[in-house]
Amino acid sequence: MPKVTEAHIAARRQQILDAAKACFSRQGFHQTSVQDICREAELSPGAVYRYFPSKDHIIAATCLDCQGASIEMIELARSQSGTALQALDYLVEHGFGMLDQEESREFMMMTVQLWSEALRSSEVKDALLAATFDTWVRGLTGLFEQAQKEGEVDPELDPNSLARIMISLWHGLTLHKTLEPDIDVKACTRSIQAMYHGTIKTPAQAV
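Residues numbered from 1 in each chain as written. Predicted model: local features only at pLDDT ≥ 70, side-chain atom pairs only at ≥ 80, totals over all residues. Heavy atoms only, no water.

### Regarding the overall build of the chain
We count it as follows: Helix numbers and strand numbers start at the N terminus; a helix is a DSSP run of H or I with at least 4 residues, a strand a run of E with at least 2. Summary of the burial criterion: residues with accessible area below 20% of their type's maximum are buried, those above 50% are exposed, and those between are partly exposed, where the area comes from a 1.4 Å probe applied to protein chains only. Contact between two residues is taken to exist if any of their heavy atoms lie within 4.5 Å; hydrogens are not considered. Using a 1.4 Å probe, the Shrake-Rupley method yields the accessible areas, and only the shown protein chains count as cover for residues. Positive charge is attributed to Lys and Arg, negative charge to Asp and Glu, and no charge count is given to His or to the chain ends. Charge placement uses NZ in Lys and CZ in Arg. For Asp and Glu, CG and CD serve respectively.
Summing up its helical and strand segments, the chain has 10 helices and 0 strands in all. Listing every helix and strand of the chain by position from the N terminus yields α-α-α-α-α-α-α-α-α-α. Looking at the chain residue by residue over its 207 residues, the buried ones come to 41%. When contacts within the chain are restricted to residue pairs at least 6 apart in sequence, those whose partners lie at least 24 apart make up 67%. Split by element, the accessible area of the chain, about 11700 Å² in all, is 54% carbon and sulfur. Between the centroid of the 19 positive side chains of the chain and the centroid of its 28 negative side chains there is a distance of 6 Å.

Listed below in structure tokens is the structure:
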């Protein structure tokens with residue numbers, strides 16, 4: 001029997017995750033069964049259970065599947081920006097900007113459902129915290145610490161708390177956008193930038 005390669009294992013695992021995301025977006029977590037995922041992936045239940053022992057493990061894996069993209073975006077923002085606030089501008093424009101993309105709607109709907117599911121399942125909660133919250137808190141905390149050293153942010157403020165506030169803004173706008181698709185994301189983005197650039201009290205200058 002030929003040996004199964006790591007590439008084959010990774011591809012099969014991704015095939016299952018992509019099928020699961022499609023099902024979760026259409027039907028929600030509770031209405032989606034492992035059998036639904038099998039049909040979507042065109043795999044037998046035995047093939048799916050070989051990679052994931054339960055539906056909760058599949059849900060958790062969909063969280064972790066996004067972690068690499070988040071890390072790449074943070075690193076790209078740092079590499080393409082001169083200052084910490086310029087890197088933050090990049091992340092706000094691209095991170096919040098994705099909420100305006102039609103192809104992101106399924107992702108947003110699934111994200112909102114994940115938050116609810118994390119209250120029920122410790123498996124999902126741990127994966128969600130590790131893959132999104134912790135990743136972004138570390139990345140944004142580092143940027144705010146750098147901005148403090150560069151004299152752009154009040155050194156008395158807690159950079160970790162600033163990071164969590166930024167993440168909360170993204171979460172809130174994600175939820176709002178799923179409920180009200182016509183919300184002006186670009187206007188919200190400009191307002192967020194005005195807040196951390198300190199121009200919200202006066203006519204905003206180019207940032």
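### Here we look at a nonpolar patch on the surface
We count it as follows: Residues with no salt bridge and a relative accessible area higher than 30% make up the patches, which join like charges within 9 Å and nonpolar side chains (Val, Leu, Ile, Met, Phe, Trp, Tyr) within 5 Å. Any Lys or Arg side-chain nitrogen located within 4 Å of an Asp or Glu carboxyl oxygen qualifies as a salt bridge.
There is a patch of nonpolar side chains on the surface, built from Ile 165, Leu 169 and Met 195 and spanning about 260 Å² of accessible area. Its place among the elements puts Ile 165 in helix α9 (residues 159–179).

### Remarks on the pattern of salt bridges
For the coordinates displayed, the defined rule picks out 5 salt bridges. Notably, a salt bridge pairs Asp 100 with Lys 177, separated by 3.2 Å at the nearest N-O pair. Note that Asp 100 is positioned in the loop between α6 (84–97) and α7 (105–118) and Lys 177 in helix α9, a separation of 77 residues in sequence. Relative accessible area serves as the criterion here: at 8%, Lys 177 is assigned to the buried category. Through salt bridges with shared partners, one network takes in Asp 56, Glu 117 and Arg 120.

### Focus on helix α1 (residues 6–27)
Because an α-helix packs 3.6 residues into every turn, residues spaced three or four apart end up facing the same way. Selection rule: Here, expected helix span is obtained from the residue count minus one, scaled by 1.5 Å.
Under the 1.5 Å per step criterion, the end-to-end length of α1 is 31 Å for 22 residues, consistent within 8% with the ideal 32 Å. Within α1, burial applies to Ile 16, Leu 17, Ala 19, Ala 20, Ala 22, Cys 23, Phe 24 and Ser 25. Those residues of α1 that are buried lie in contact with α2 (34–41), α3 (45–51), α4 (55–64) and α7. Gly 28, located one to two residues past α1, shows a positive phi value of around 85 degrees.

### Considering the side chain of Thr 141
Following the sequence through the fold, Thr 141 ends up in helix α8 (residues 122–149). Those residues in contact with Thr 141 that sit more than four places away from it in its chain are Trp 136, Pro 159, Asn 160 and Ala 163.

### Overview of the packing of α1 against α2
Stated formally: Note on geometry: axes are lines fitted to C-alpha atoms, helical ones only across the stretch in contact, with angles between N-to-C directions running from 0 to 180 degrees. Every angle not falling under 35 degrees, over 145, or within 65 to 115 is termed oblique; those three ranges are roughly parallel, roughly antiparallel and roughly perpendicular. Crossings are sorted by hand: turned counterclockwise from the far helix by less than a right angle, the near helix makes the crossing left-handed, and turned clockwise it makes it right-handed. By the convention adopted, Pro, Cys, Tyr, Trp, Phe, Met, Ile, Leu, Val and Ala count as nonpolar, Lys, Arg, Asp and Glu as charged, and the other residues, Gly among them, as polar.
Interhelical geometry of α1 versus α2 gives an angle of 120 degrees and a closest axis separation of 8 Å. Put simply, α1 runs oblique to α2. Along this stretch, α1 crosses α2, giving a crossing that reads as right-handed. Taken together, the residues of α2 that come into contact with α1 (itself represented by Gln 15, Ile 16, Ala 19, Ala 20, Ala 22, Cys 23, Phe 24, Arg 26 and Gln 27) are Asp 36, Ile 37, Glu 40 and Ala 41. Classifying every residue of the contact of α1 with α2 by side-chain character gives 8 nonpolar, 2 polar and 3 charged.

### Regarding the environment of Gln 35
Relative to the helices and strands, Gln 35 resides in helix α2. For Gln 35, a relative accessible area of 43% translates into the label partly exposed. A C-alpha to C-alpha distance of 14 Å links Gln 35 and Asp 56, two positions 21 residues apart in sequence.

Purely geometric stuff here, so don't read any function into it on its own.
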